[in-house]
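Fold and contact review
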Amino acid sequence: MNLLCIDTTSPALVLCLVTADRPLVGRVCATGGQHAEVLLPEIGALLEEAQLDRARVDAVGVTLGPGGFTSVRVGLATAKGLCLAGGRTLYAASSLRALAFGALPGVASGPLAVVTRAYRGEVYAALYAADGSSLREVLSPLHATPDAAAQQLRQAAAEAGFGAVAVLGDGVAQAPEAFADPARFTLLPASLASLTAEALGSALLDEVRAGRTRDVTTLEPEYLRPPDAALPQVR
């Protein structure tokens, strides 16, 4: 299978191509969040680099968020369009889950939390159990203040019988004191806070191996937070 993977949830555009008989080919483009203008040209450049005709792409994988509203929609809409136009299978994963794959195999087993910046001093967070080359979701992605997120991560880890939780992501810097207890949290290097093409490919290939296909017509973004814009109140 030739799997094209797309992430538009962060300021950098991340793409990769996973094939059965070739090394992964990936691109990380500093677009400043302006993904719409460059996404399709960059996909074309990726396929050209891999010497793979567009018609030979069998499936498309995409991250669903959390992230900027417009950025997330751009990635998902493009992935859906490529699937509908070419009769391809669609796979998807949380951007937090994709980031977590970047910590493997360094965290070969045990609890692994991802905490990323949201807005207004808040964070997105999720907890996974690392098991070799795969991850099991322990606490679904959430949106909260850093203190509330840390509390939910501690509780979920304790209920699952885990000790200290390995933590990665730029959200810890929002409130370092919330994750300062070394008996509860072990902070991973800041270098793991950015999504790589390899981590993106691993996360979406894991979806393929698990057979978690998605419905092109019904799949929705995972924003986790309400939009800033609101309809005017009618009096």
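By convention here, each chain's residues receive numbers from 1 onward along its written sequence. With pLDDT at 70 or above as the cut-off, local features in this predicted model cover only qualifying residues; side-chain atom pairs require 80 or more to be listed or tallied, and sums for whole chains, interfaces and linings still use all residues. Heavy atoms throughout the structure, all of them, feed into the side-chain values; hydrogens and water do not.

1. Considering the pattern of salt bridges
For this document, the term salt bridge refers to a Lys or Arg side-chain nitrogen within 4 Å of an Asp or Glu carboxyl oxygen. The tally for this structure, following the rule as stated, stands at six salt bridges. Across the pair Asp 206 and Arg 97 runs a salt bridge whose closest N-O atoms are separated by 2.9 Å. On the criterion of sequence distance, the pair formed by Asp 206 in helix α5 (residues 197-210) and Arg 97 in helix α3 (residues 95-101) is long-range, its members being 109 residues apart. To sort residues, take the accessible area from a 1.4 Å probe on protein chains only and compare it with the maximum for the residue type: under 20% means buried, over 50% means exposed, and anything in between is partly exposed. The class for Arg 97 is buried, based on a relative accessible area of 8%. The closest approach of N and O atoms between Glu 207 and Arg 212, which form a salt bridge, is 2.8 Å. Accessibility expressed as a relative area gives 3% for Glu 207, which makes it buried. Strands are runs of DSSP state E lasting at least two residues, helices are runs of H or I lasting at least four, and both sets are numbered from the N terminus onward.

2. A short note on the packing of aromatic side chains
For any pair of aromatic rings, geometry is given as the distance between the ring centres together with the angle between the planes. Here the aromatic set is Phe, Tyr and Trp, taking the six-membered ring for Trp, and pairing holds for ring centres within 6.5 Å; pairs whose planes are under 30 degrees apart are stacked, those over 60 apart are edge-to-face, and all others are tilted. Inspection of the entire model under this criterion finds two aromatic pairs. When the ring of Phe 69 is compared with that of Tyr 223, the centres are 4.4 Å apart and the planes differ by 45 degrees; the resulting orientation is tilted. Residue Phe 69 is found in helix α2 (residues 69-86), and its partner Tyr 223 is found in the segment after α5; the two are separated by 154 residues along the sequence. When the centroid spacing of 5.1 Å and the interplanar angle of 65 degrees are considered together, the rings of Phe 179 and Phe 185 count as edge-to-face.

3. What to know about the pairing of strand β3 (residues 25-30)
Sheet topology note: the strand β2 (residues 12-18)/β3 ladder contains six bridges and is antiparallel. Residue pairing for β3: Val 14 is matched across the bridge by Val 28. Where β2 folds back on β3, the antiparallel hairpin that results is connected by six residues. When DSSP finds at least two bridges between two strands, those strands are taken to pair.

4. Considering the environment of Gly 211
Among the secondary structure elements, Gly 211 is positioned in the segment after α5. Judged by its relative accessible area of 47%, Gly 211 is partly exposed. Counting along the chain gives 120 residues from Gly 211 to Tyr 91, while the straight-line C-alpha distance between them is 8.9 Å.

5. A closer look at the state of the cysteines
In what follows, a disulfide is any cysteine sulfur pair within 2.5 Å. Considering all chains together, one arrives at zero disulfides under this definition. Unpaired in terms of disulfides, Cys 16 finds its nearest cysteine sulfur in Cys 5, a separation of 3.7 Å.

6. Observations concerning the sheet that holds strand β6 (residues 109-117)
What holds strands together in a sheet is hydrogen bonding between their backbones, with the strands either parallel or antiparallel. With respect to topology, five strands assemble into an open sheet ordered β8-β7-β6-β9-β10, the strand pairing being mixed. The sheet is open, and its two edges are formed by β8 (134-144) and β10 (185-187), each paired on a single side. For this sheet, the mean inter-axis angle between neighbouring strands, taken without regard to orientation, is 25 degrees. Of the strand pairs in this sheet, strand β7 (residues 123-131) and β8 are connected by eight bridges, and their pairing is antiparallel. In the strand pairing of β8, Ala 129 is matched with Arg 136. The strands touched by helix α4 (residues 146-159) are β6, β7, β8, β9 (165-168) and β10; relative to β8, the strand with the most contacts, the crossing angle is about 150 degrees. Only the contacting stretch of a helix is used when fitting its axis, a line to C-alpha atoms as for every element, and angles between N-to-C directions run 0 to 180 degrees. When checking whether two residues touch, look at their non-hydrogen atoms; a contact exists if any pair is within 4.5 Å.

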